[in-house]
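Given next are the chains, with one letter for each unit.
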Amino acid sequence: MVTIQNLHKKFKNLHVLKGITTSIEKGEVVVVIGPSGSGKSTFLRCLNFLEQPTGGEIYFDGVLIDPAKNILQVRQEMGMVFQRFNLFPHIKVIDNITLAPKTVRNLSADEARARALALLDKVGLADKANSYPDQLSGGQQQRVAIARALAMRPKMMLFDEPTSALDPEMIGEVLDVMKDLAKEGMTMAVVTHEMGFAREVGDRVLFLDEGLLLEENTPSELFSNPQHARTREFLSKVL
Amino acid sequence: MDFRWDLIWRSLPLLLQGAWLTIQLTSISVFFGILVGTIAGMLRLSKGPMRYLAGAYVDFIRGTPLLVQIFIIYYGFPALIQNPVPPYVAAIIALSLNCGAYVAEIVRSGIQSIEKGQTEAALSLGLTPNKAMRYIILPQAFRRIIPPLGNEFIALLKDSSLVSVIALEELVRRAQVIIGRTFRPFELWLAVALIFLVMTFTISRLVNYVERRLKVGD
């Protein structure tokens with residue numbers, strides 16, 4: 001579904017991604033791990049061009065992503081969930097979810113609303129449709145954010161440390177929603193520190209370190225039999 | 001020492017007519033000022049060459065006295081185009097342009113105060129940058145700029161007294177005329193000050209009310 005070839009990203013003098021080549025297949029759950037500053041968030045943000053890569057190519061469904069040509073279409077098919085939720089605080093939960101389907105996909109208000117209510121039900125927040133985001137807990141906000149992204153019916157979902165800003169007791173409810181999504185066959189790329197999630201849900205784990213993709217493997221292989229010293233060192237700290 | 005209350009009472013109808021003109025000039029100018037200022041503020045944040053033009057406009061207005069700006073519009077410009085500009089029109093143009101520059105800065109800082117994550121979330125859903133601005137950033141920025149916008153309204157109401165120099169019969173000009181007849185400056189200027197106070201106080205209450213009504217969800 002996504003093919004990444006020799007992806008580079010430089011911020012002025014800082015070389016964050018130093019040539020990453022990999023791919024994400026349809027229906028696959030790819031978990032990206034690595035120490036902080038390894039470039040894993042930047043890697044994810046390059047996939048939908050929230051960060052403009054400074055080198056390399058990314059193909060989505062076989063088509064080269066070109067910010068001048070097709071980036072809007074690509075983003076419509078690639079939902080994203082952020083560490084800090086980034087819900088729109090000035091509109092209700094239901095409007096957060098219907099906004100993009102209405103303004104981007106030109107869905108009628110009724111259709112968008114029906115779709116939003118079904119998604120809220122799916123993430124267990126059917127009773128929060130008319131609340132404002134700041135009336136919800138962090139875990140609830142993040143579930144709304146997932147529903148908001150799903151309302152576009154994307155082919156793929158990007159998760160950028162979706163549980164890192166949450167209180168510990170709320171992490172489970174968000175991971176549960178993500179697990180359900182994985183079971184339904186959603187293609188997912190997940191940057192996370194939740195090794196339990198990686199092991200349980202991930203089809204493949206990418207280990208990034210200092211802008212390089214050091215190692216990629218199935219979770220069981222990577223966790224039990226890491227090939228690189230850096231991977232072993234990282235895993236010894238987080239497992 | 002005598003204080004002529006009766007003079008204040010007798011002057012009041014004339015002064016209030018002047019105050020009415022003050023309110024008209026200020027309201028119309030704030031309306032155009034917000035229009036001009038929103039455009040200029042957004043241009044200042046844009047990438048194109050227009051941002052330099054908008055920047056020059058803001059710098060010029062903020063760096064020169066309003067009085068001089070009024071003279072340029074009322075005396076300077078007509079000389080250039082060989083056509084007089086009526087005082088009322090000149091006043092509104094000068095006040096609107098002046099207000100617009102300050103509003104531009106308010107709008108610019110309001111937009112910049114919205115966190116980057118909001119734009120990113122909107123873009124990640126496939127919205128164009130224009131739609132992200134329209135549906136996500138501007139509505140939030142608007143709420144945040146209500147208080148400084150209210151301050152600007154009050155500042156302009158007070159500054160509008162400067163158009164008395166082009167013989168517009170607003171509040172200050174009316175007082176000058178009455179004083180010329182009665183030689184009672186203390187009573188008249190005190191009355192003028194109180195009328196201004198009532199107007200600015202009303203506006204600040206109004207702004208507070210709007211601010212509270214819009215507070216939801218921020």
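See the structure printed just above.
Attention here is on the structure that accompanies the text. (Residues numbered from 1 in each chain as written. Chains lettered and ligands numbered in written order. Predicted model: local features only at pLDDT ≥ 70, side-chain atom pairs only at ≥ 80, totals over all residues. Heavy atoms only, no water.)

Under the definition given, this model contains six aromatic pairs over all chains. Pairing A:Phe207 with A:Phe234 gives two aromatic rings, centres 5.3 Å apart and planes at 45°, and the pair type is tilted. Of this pair, A:Phe207 sits in strand β9 (residues 204-209) while A:Phe234 is found in helix α9 (residues 229-238), placing the two residues 27 residues apart along the sequence. Seen from their ring centres, B:Phe3 and B:Trp5 are 5.0 Å apart, and the 65° between their planes marks the pair as edge-to-face. (Phe/Tyr/Trp six-rings, centres within 6.5 Å; stacked < 30°, edge-to-face > 60°. Helix = DSSP H or I, 4+ residues; strand = E, 2+ residues; numbered from the N terminus.)

Attention now goes to helix α2 (residues 50-63) of chain B. Residue and element names in this part refer to chain B. Under the 1.5 Å per step criterion, the end-to-end length of α2 is 20 Å for 14 residues, consistent within 8% with the ideal 20 Å. Those residues of α2 lying buried are Ala54, Gly55, Tyr57, Val58 and Ile61. Buried residues of α2, viewed axially, fall in a sector of 160°; they line one side. Seen from the open side of α2, the exposed residues pointing more than 90 degrees away from its buried face are Tyr52, Leu53 and Gly63. As for α2, its buried residues are in contact with α1 (5-45), α3 (66-81) and α4 (87-112). (Expected span 1.5 Å × (residues − 1). Buried < 20%, exposed > 50% of the residue type's maximum accessible area, 1.4 Å probe, protein only. Arc of directions from axis to C-beta. Contact = heavy atoms within 4.5 Å.)

So, about the sheet that holds strand β2 (residues 14-24) of chain A. Residues and elements named next belong to chain A. The strand order across the open sheet built from four strands is β2-β1-β4-β5, with neighbouring strands paired in antiparallel fashion. Each of the sheet's edge strands pairs with one partner strand only, and the pair in question is β2 and β5 (63-64). Strand direction decides the pairing type here: strand β1 (residues 2-11) and strand β4 (residues 55-60), joined by five bridges, are antiparallel. Counterpart to His8 in the pairing with β4 is Gly55. Along the sheet, helix α1 (residues 40-47) contacts β1, β2 and β4; its crossing angle with β1, the most-contacted strand, is approximately 120°. (Pairing = 2+ DSSP bridges. Axes fitted to C-alpha atoms, helices over the stretch in contact; angles between N-to-C directions.)

Once that is clear, we can look at the nonpolar core. Of all hydrophobic cores here, the largest spans 70 residues; its most connected members are A:Val2, A:Phe43, A:Leu47, A:Met78 and A:Met156. Of all the elements, α4(B) adds the most residues to this core, at 10 residues. One finds A:Ile97, A:Ile146, A:Phe159 and A:Phe207 within the second-largest nonpolar core, a separate group that totals 47 residues. (Core = buried A, V, L, I, M, F, W, Y, C linked by side-chain atoms within 4.5 Å.)

Quick look at the interface of chain B and chain A now. Across the contact, 21 residues belong to chain B and 23 residues belong to chain A. If you look at where chain B meets chain A, you find one salt bridge. B:Glu120 is paired through a salt bridge with A:Arg45; the nearest N and O atoms lie 2.7 Å apart. Counting residues per element, the side of chain B that touches chain A draws most heavily on helix α5 (residues 116-124) of chain B, which supplies eight residues. Its residues assigned to classes, the side of chain B that touches chain A comprises nine nonpolar, seven polar and five charged. (Salt bridge = Lys/Arg side-chain N within 4 Å of Asp/Glu carboxyl O. Nonpolar A, V, L, I, M, F, W, Y, C, P; charged D, E, K, R; others polar.)

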